[in-house]
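Structural overview for review
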Amino acid sequence: MTEPGAHDFPVVSSTDVHIGRVVGLRVDDVVMPGGTVARREVVEHLGAVAIAALDDEGSLTLIHQYRHPLRRRIWELPAGLLDADGESPVEAARRELVEEAGLTAARWDTLVDVAASPGFTDEVVRVFLARELSVVDRDPLGHDDEEADLVVRRVPLPEAVRMALAGELVNGATVAGVLAAHAVLTGGLPARAADAPWPDRPTTFAHRIR
């Protein structure tokens, strides 16, 4: 047996169970440190971006959106999939901010990268901080899914923090983004560049479908 922290966890076989539009499911047979082989179910994901858009008054843009797995509407940061060929994460964030909130931003920084649930999925969300905002037209009639039902609200950043701590925000990237934005804006902590390296960005599922 190798020393703790030195095992490579090699995959000896992999079986595709489902390849969908947004996610894939595979089952890997992985060699454990003691030599036994364990099965691990892995949900592959395109990856996503979320945007903490903060205006000059210190208010954050939140959207109220129906999420079918929870069977209810929840408050979230504007967000979207990395589903366009050749589009960088910050370009995807710019597009989603326009589409979901009717906003553009002149200043972009990276706040946090959030692994949604690394025990079973490779989904990672990059949360950006967007500032120096301008309002642009958003066409809600251009959507025929949950986005057609979006409600957009601006919330003072301290109120968003309170919502997170009170359990009124439950989306992982939203909670992390709100708290990180508060740390940067009030605690003097630095944010990373908008094009900062992203070593954990998911790529497996994108390579399957493109």
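Below, the structure is looked at part by part.

Quick notes on the rules
- Residues numbered from 1 in each chain as written.
- Predicted model: local features only at pLDDT ≥ 70, side-chain atom pairs only at ≥ 80, totals over all residues.
- Heavy atoms only, no water.
- Salt bridge = Lys/Arg side-chain N within 4 Å of Asp/Glu carboxyl O.
- Helix = DSSP H or I, 4+ residues; strand = E, 2+ residues; numbered from the N terminus.
- Buried < 20%, exposed > 50% of the residue type's maximum accessible area, 1.4 Å probe, protein only.
- Contact = heavy atoms within 4.5 Å.
- Polar contact = N/O pair within 3.5 Å; in protein donor to acceptor, adjacent residues only side chain to side chain.
- 1 Å grid on protein atoms, 1.4 Å probe; cavity = no way out; pocket = protein on both sides within 12 Å on 5 of 7 lines; lining within 4 Å.
- Points joined across faces, edges and corners; volume = space filled by probe spheres on them.
- Nonpolar A, V, L, I, M, F, W, Y, C, P; charged D, E, K, R; others polar.
- Core = buried A, V, L, I, M, F, W, Y, C linked by side-chain atoms within 4.5 Å.
- Pairing = 2+ DSSP bridges.
- Axes fitted to C-alpha atoms, helices over the stretch in contact; angles between N-to-C directions.

1. So, the pattern of salt bridges
- Within this structure, the stated rule accounts for 18 salt bridges.
- Between R131 and D109 there is a salt bridge, with its nearest N and O atoms 2.8 Å apart. Highlighted residues: R131 in strand 9 (residues 124-135) and D109 in strand 8 (residues 103-115), separated in sequence by 22 residues.
- R131 sits in the buried class, given a relative accessible area of 15%.
- Residue E159 is joined to R162 by a salt bridge in which the shortest nitrogen-to-oxygen separation is 2.9 Å. Note that E159 and R162 are positioned in helix 2 (residues 157-165) at a spacing of three residues, about one turn of the helix.
- Accessibility expressed as a relative area gives 25% for E159, which makes it partly exposed.

2. Description of the environment of E76
- In this fold, E76 is placed in strand 6 (residues 72-76).
- Residues E76 and R138, 62 residues apart in the sequence, show an inter-C-alpha distance of 18 Å.
- Apart from the residues within four sequence positions on either side, E76 is in contact with L62, I63, Q65, R67, N171 and T174.
- A distance of 2.8 Å separates a polar atom in the side chain of E76 from a polar atom in the side chain of R67.
- At a separation of 3.2 Å, a polar atom in the side chain of E76 contacts the side chain of N171.

3. Considerations on unusual backbone geometry
- Here the phi dihedral of F9 falls at roughly 55°; this positive angle occurs in a residue that is not glycine.
- Among the structural elements, F9 can be located in the segment before strand 1 (11-19).
- Here F9 falls in the partly exposed class, since its relative accessible area comes to 40%.
- The residue E132 is not glycine, and still its phi comes out positive at about 55°.
- Tracing the sequence through the fold places E132 in strand 9.
- The exposure class of E132 is partly exposed, given its relative accessible area of 45%.

4. Details of the layout of surface pockets
- Roughly 1,200 Å³ of internal volume is contained in the largest pocket.
- If you go around the largest pocket, you meet 39 residues; those closest to its centre are V22, H45, R67, L81 and E123.
- Elements supplying a minimum of two residues to the lining of the largest pocket: strand 4 (48-53), strand 5 (59-67), strand 6, strand 7 (79-81), helix 1 (89-101), strand 8 and helix 3 (172-187).
- A total of four residues in the lining of the largest pocket trace back to one element, the largest contributor, which is helix 1.
- Across the lining of the largest pocket, the residue classes break down as 19 nonpolar, eight polar and twelve charged.

5. Comments concerning the nonpolar core
- One finds L60, L62 and L111 to be the most contacted residues of the largest nonpolar core, which totals 25 residues.
- Counting residues per element, the ones that place at least two in this core are strand 4, strand 5, strand 8, strand 9, helix 2 and helix 3.
- Those residues in contact with L62 that sit more than four places away from it in its chain are W75, E76, L77, V151, V152, R153, V155, M163 and L169.

6. Concerning the sheet that holds strand 3 (residues 37-45)
- As summarised here, the arrangement of the three strands in space is 1-2-3, forming an open sheet in which the pairing is antiparallel. Strands with a single pairing partner mark the edges of an open sheet, and in this sheet they are strand 1 and strand 3. For this sheet, the mean angle separating the axes of adjacent strands, direction not counted, is 20°.
- In this sheet, strand 2 (residues 23-31) lies alongside strand 1 in antiparallel orientation, the contact comprising seven bridges. Bridging across to strand 2, S13 finds its partner in D29.

All we've got here are geometric facts, nothing functional implied.
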